[in-house]
Amino acid sequence: MKIVNTPEEVRKQVALWKKEGFSVGLVPTMGFLHEGHGSLIKKASEENDKVVVSVFVNPIQFGPSEDLASYPRDLKHDTELVSECGGDMIFSPSPSDMYCEDFCSFVDVENLTSGLCGAKRPGHFRGVCTVVTKLFNIVQPERAYFGQKDAQQLAVIKRMVRDLNVPVTIVPCPIVREADGLAKSSRNTYLSSEERKAAVILNKSLKKGLAALTSGERNAEVVKNIIKDTLNSEPLAKIDYVEIVDSSALAPVTNINSSILTAIAVYIGKTRLIDNFTFNL
Ligand code: AMP
């Protein structure tokens, strides 16, 4: 398994693969990989001859008060996991490999980024769309794999690819969870043992919301309140947002009569966690 640091090295290797007629899949990540990332890499290796996993903590998607400096990193463990899951190459650039000093070109997706995490993290999706566009241009994959865990990111990337005619197929992958239901996340490592126990409230609250929908509730406010009440029952949880939006435009809905995304962001102590489910009518 190869680890390369520069866009030029990636291009060289991918060109050789393409010359041999191999298809290429890309899995963009920020590293500190877990089974959630592993599921994307495994799917990519089933569907492509070669798989590139990018490991890059992208500075331009972090706000000034966010956790860029403390974001967990462990390239040795990442290398083992990528190899076990069938990846062929890790692309692990430094910030200066990706952004030259006078870098000034960005990709902005409007509308879909105005709510949910986009409202709480100004500039986040501009940073995500810019780095993902760069990765698409560097790797030129046939397919790229994204987790439903970051549901807004997935919807935004799909829209960007459609709007800008990017020649790549976006493959969505289901959320991988811990045994108690907490969605796996690199940020779970920030949680103390007490906070880790409290964090199951995210999934518990969503399950209650889903149960209400399944038994016929169609008023979004009622469903959101069920979720909020459950979250508020946990003293360590502080709600950032609880939203119900339509799955493709991500616009808030009041009456649920189409496919919807229920998405939440919750602070457990200082750690901000997200989770969601989709409900298709
Ligand atoms: P990250 O390293 O957090 O930027 O995540 C890289 C990719 O892995 C994104 O497409 C995420 O949605 C996906 N991912 C992260 N956690 C999970 C999970 N628990 N289940 C499925 N996909 C995940």
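If you look the chain up in an unreviewed UniProt entry, it shows as Pantothenate synthetase from Clostridium oryzae. Here is the UniProt Pathway (unreviewed entry) comment for the chain, exactly as written: "Cofactor biosynthesis; (R)-pantothenate biosynthesis; (R)-pantothenate from (R)-pantoate and beta-alanine: step 1/1."

Describe in detail the sheet that holds strand β9 (residues 271-279), supporting the description with residues and values.
Here we have three strands laid out as an open sheet, ordered β7-β8-β9, and antiparallel in their pairing. Strands at the two margins of the open sheet, each flanked by one partner only, are β7 (237-246) and β9. For this sheet the average axis-to-axis angle between neighbouring strands, irrespective of direction, equals 15°. Here nine bridges tie strand β8 (residues 260-268) to β9, and the two strands are oriented antiparallel to one another. The residue bridging L261 from the neighbouring strand is T278, located in β9. Across the face of the sheet, helix α9 (residues 200-214) comes into contact with β7, β8 and β9 while running at roughly 20° to β9. The strands that helix α10 (residues 220-232) touches are β7 and β8; relative to β7, the one it contacts most, it runs at about 160°.

Conventions and cut-offs
Residues numbered from 1 in each chain as written. Predicted model: local features only at pLDDT ≥ 70, side-chain atom pairs only at ≥ 80, totals over all residues. Heavy atoms only, no water. UniProt positions renumbered as here; feature names shortened; annotations may be inferred. Pairing = 2+ DSSP bridges. Helix = DSSP H or I, 4+ residues; strand = E, 2+ residues; numbered from the N terminus. Axes fitted to C-alpha atoms, helices over the stretch in contact; angles between N-to-C directions. Contact = heavy atoms within 4.5 Å.

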